[in-house]
Amino acid sequence: MSRKIILCMSIIMCCVVAAGAAWADVKLPDPKRGGGDGIFGLLEKRASGTRGDFPKNDISLDELSTILWAATGLNRDGKGWTVPTAGGKSPYVKIYAVKPDGVFLYDWKEHSLVEISNKNALGEITGDGFVKESPCVLVFVTDAGDLGSMASLNAGNSLAYIATGAMTQNIYLAADSLGISGRYMVSFNGDGMKNELKLRDGETPLCIMPLGKRQ
Ligand SMILES: Cc1cc2nc3c(=O)[nH]c(=O)nc-3n(C[C@H](O)[C@H](O)[C@H](O)COP(=O)(O)O)c2cc1C
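None of the values given here were measured: they were computed from a predicted structure.

### Overview of the site of the ligand
Around the ligand, the neighbouring residues are A47, S48, R51, R183, Y184, M185, V186 and S187. Here the residues of the shell around the ligand are counted per class, giving four nonpolar, two polar and two charged.

### Considering the confidence of the model for the protein
Per-residue confidence for the protein averages 92 on the pLDDT scale, and 89% of its residues sit at or above 70. Within the model, pLDDT remains below 50 along residues 14-21, and this stretch shows zero contacts once partners closer than five positions in the same chain are excluded.

### Some details on helix 6 (residues 158-177)
When the terminal C-alpha atoms of helix 6 are compared, their 29 Å separation across 20 residues agrees well with the 28 Å that a helix rising 1.5 Å per residue should span. Those residues of helix 6 lying buried are L159, A160, A163, T164, M167, T168, I171, Y172, A174, A175, D176 and S177. In this structure, the buried side of helix 6 is in contact with helix 2 (39-45), helix 3 (61-72), strand 4 (93-99), strand 7 (136-143), strand 8 (180-182) and strand 9 (203-213). G179 sits one or two positions beyond helix 6 and adopts a positive phi of about 80°.

### Some words on the nonpolar core
Judged by nonpolar contacts, the single largest core of 45 residues is most densely connected at A97, L138 and V139. Listed by contribution, the elements that provide at least two residues to this core are helix 3, strand 4, strand 5 (102-107), helix 4 (122-125), strand 7, helix 6 and strand 9. When residues of this core are assigned to their parent elements, the largest contribution, eight residues, is made by helix 6. Not counting the four nearest positions on each side in its chain, L138 is found in contact with I95, A97, I208, M209 and L211.

Each value, and the rule that gives it
- Residues numbered from 1 in each chain as written.
- Predicted model: local features only at pLDDT ≥ 70, side-chain atom pairs only at ≥ 80, totals over all residues.
- Near = placed C-beta within 6 Å.
- Nonpolar A, V, L, I, M, F, W, Y, C, P; charged D, E, K, R; others polar.
- pLDDT = per-residue confidence, 0-100.
- Contact = placed C-beta atoms within 7 Å.
- Helix = DSSP H or I, 4+ residues; strand = E, 2+ residues; numbered from the N terminus.
- Expected span 1.5 Å × (residues − 1).
- Buried ≥ 20, exposed ≤ 12 C-beta atoms within 10 Å, placed from the backbone.
- Core = buried A, V, L, I, M, F, W, Y, C linked by C-beta atoms within 7 Å.

Structure follows, in structure tokens:
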């Protein structure tokens with residue numbers, strides 16, 4: 001093989017490797033802000049997906065966009081969030097989406113997903129079979145450092161847990177309106193979570209919520 005051909009092949013290989021390693025952040029489509037089932041009907045139906053027959057069907061990017069926005073997106077023309085926060089502070093609970101195609105952090109400012117890795121980490125973050133098979137598992141992570149002057153009121157992550165309760169209840173209702181089931185869970189693999197989400201010291205996973213579309 002001539003040296004020119006070897007050089008060309010090396011350049012092509014470098015490009016392929018570089019492309020494979022490229023970060024793939026995802027700008028989310030606009031969330032659904034109208035229509036759907038009424039709030040009182042949703043409250044009447046609200047339920048967790050059951051462990052025995054948790055739905056496994058895929059969730060579209062439009063649906064994920066709406067669910068993340070319901071959980072902690074900007075509302076009121078960008079002046080507030082869909083959940084209350086202590087002292088009106090910016091959200092201090094982050095949401096990661098762990099999917100077969102990678103691990104992503106929800107950026108509420110940009111309404112986008114920031115890629116943390118392109119690995120399927122579902123097997124590392126949970127030992128629960130139905131969670132591993134879920135098309136999307138949301139992970140709620142707090143960092144006491146994000147609370148600033150409110151940190152002293154956050155004993156036992158109380159402020160963060162309150163926020164997580166509001167976020168997950170919004171998800172239950174918005175997801176159900178889209179025909180999607182979720183389940184609030186505190187059982188997960190903490191060490192695997194720390195590694196796969198690349199969490200820093202002080203960042204604490206509080207709970208997970210597998211999601212799956214019903215037929
Ligand atoms: C604080 C909390 C922790 C939970 N942890 C788990 C869990 O680790 N594993 C699980 O399968 N379900 C978990 N659940 C889901 C509950 O088991 C479920 O909500 C309960 O059975 C009531 O069902 P419902 O949501 O349909 O009313 C948890 C729920 C809450 C509120």
